[in-house]
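Results of the structural survey
Next come the chains, spelled out residue by residue.
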Amino acid sequence: MAKFWLDGVCSKDMGIELQNPVKFSGASPKVSTVTVPGKNGDLHIYENAFENCTGNADCFALKHDVYLTLSVITRWLFAAYGYRRLEVTEEKDTYRMARVVNGPETEIRMQLLAPFSLEFDCKPQRFLKSGEFPIKIQSGQSLYNAWQPALPLIQITGTGDGQLVVGKSTVNITGMAGNLMLDSEVQNAYDGTTNKNNSISISGGFPVLEHGESLISYSGGITAVNITPRWWML
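Quantities reported herein were computed from a predicted structural model and do not represent experimental measurements.

1. Details of the side chain of Ser11
Residue position: Ser11 is located in the loop between strand S2 (9–10) and strand S3 (17–18). On the basis of relative accessible area, Ser11 is assigned to the buried category, the value being 1%. What Ser11 contacts, discounting residues up to four positions off in sequence, is Lys3, Phe4, Ile16, Leu18 and Trp76.

2. Here we look at a nonpolar patch on the surface
Taken together, the side chains of Val34, Leu43 and Ile45 make up a nonpolar region of the molecular surface, amounting to roughly 220 Å² of accessible area. Along the chain, the position of Val34 falls in strand S5 (residues 29–35).

3. Considerations on the environment of Ser28
Locating Ser28 in the fold gives a position in the loop between strand S4 (23–24) and S5. Through-space distance from the C-alpha of Ser28 to that of Ile16 is 30 Å; in sequence the pair is twelve residues apart. Contacts of Ser28, omitting those with residues within four sequence positions, involve Phe50 and Glu51.

4. Digging into the nonpolar core
Of all hydrophobic cores here, the largest spans 27 residues; its most connected members are Ile156, Leu164 and Leu182. When residues of this core are traced back to their parent elements, those giving at least two are strand S11 (126–128), strand S14 (153–166), strand S15 (169–183), strand S19 (212–228) and strand S20 (232–233). Met14, Ala57, Trp76 and Cys122 belong to the second-largest nonpolar core, a separate cluster that totals 26 residues.

5. Quick look at the packing of aromatic side chains
Evaluated as defined, the whole model comprises three aromatic pairs. Ring centres of Phe4 and Trp76 lie 5.9 Å apart, and the angle between their planes is 20°; this geometry places the pair in the stacked category. Of this pair, Phe4 sits in strand S1 (residues 4–6) while Trp76 sits in helix H1 (residues 66–77), and the two are 72 residues apart along the sequence. Here Tyr95 and Phe127 contribute two aromatic rings whose centre-to-centre distance is 5.5 Å and whose plane-to-plane angle is 25°, an arrangement assigned as stacked. Of this pair, Tyr95 sits in strand S9 (residues 94–100) while Phe127 sits in strand S11, and the two are 32 residues apart along the sequence. Each member of the pair, Tyr95 as well as Phe127, carries the same accessibility label: buried. Lying over the aromatic face of Tyr95, Arg85 brings its terminal NZ or CZ to 3.8 Å of the ring centre. When the ring centre of Tyr83 is taken as reference, the NZ or CZ atom of Lys123 above it lies at 4.8 Å.

6. With respect to H1
Under the 1.5 Å per step criterion, the end-to-end length of H1 is 16 Å for twelve residues, consistent within 8% with the ideal 16 Å. Contacts from the buried residues of H1 go to S1, S2, strand S7 (53–62), strand S8 (84–88), S9 and strand S10 (113–122).

Cut-off values and rules
- Residues numbered from 1 in each chain as written.
- Predicted model: local features only at pLDDT ≥ 70, side-chain atom pairs only at ≥ 80, totals over all residues.
- Heavy atoms only, no water.
- Helix = DSSP H or I, 4+ residues; strand = E, 2+ residues; numbered from the N terminus.
- Buried < 20%, exposed > 50% of the residue type's maximum accessible area, 1.4 Å probe, protein only.
- Contact = heavy atoms within 4.5 Å.
- Patch = residues over 30% accessible without salt bridge, like charges linked within 9 Å, V, L, I, M, F, W, Y side chains within 5 Å.
- Areas by Shrake-Rupley, 256 points an atom, 1.4 Å probe, with all protein chains shown as cover.
- Salt bridge = Lys/Arg side-chain N within 4 Å of Asp/Glu carboxyl O.
- Core = buried A, V, L, I, M, F, W, Y, C linked by side-chain atoms within 4.5 Å.
- Phe/Tyr/Trp six-rings, centres within 6.5 Å; stacked < 30°, edge-to-face > 60°.
- Lys NZ or Arg CZ within 6 Å of the ring centre and 35° of its normal.
- Expected span 1.5 Å × (residues − 1).

Next comes the structure, spelled out in structure tokens:
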């Protein structure tokens with residue numbers, strides 16, 4: 001039976017029954033259209049990014065005092081705002097980041113049955129669960145990315161100064177004293193709650209694991225590197 005999980009909590013446990021699996025729209029590239037006077041057709045400017053997609057689910061609740069169940073469902077759906085982790089039974093190896101758009105309608109039949117629909121506003125990525133785990137890297141090792149270009153989380157351990165090279169990116173680090181985290185998604189360097197952006201200089205931008213092979217090397221005071229790749233696909 002189709003189910004979904006929101007931040008790890010199962011829809012069925014909250015009293016939601018799905019009539020069909022959650023249906024997601026396909027990915028669409030972000031494109032700007034420019035009209036040039038006197039020139040036939042339009043110019044299309046691709047922004048190297050993708051639009052959000054939508055997810056829709058036809059649901060129902062079936063229970064005595066079903067109006068109370070609807071209240072519990074609504075409270076759960078909006079327990080947190082913004083993007084939340086969404087998993088569905090049909091995509092067992094991946095998850096999405098989604099925002100709940102609406103709560104259930106309050107159509108109640110025979111005081112037992114309440115049909116309703118849900119809509120999710122989803123980021124375009126389907127993140128692979130296999131990409132959530134750190135990989136210990138030896139200097140000179142390559143990582144192969146079979147998917148879309150990924151923005152990794154990198155843990156660097158060492159003392160003093162060092163240099164990390166990931167593909168086209170070179171990161172020079174000064175004054176290491178233990179661990180340093182590089183988060184390519186938010187373009188930030190930190191150690192716990194301490195900002196470390198002043199301890200790094202980067203050539204080629206924050207590291208990206210491009211599609212295909214990415215060669216990784218490190219030197220100087222760096223003694224260990226662990227990369228959480230954050231693989232994703234469309």
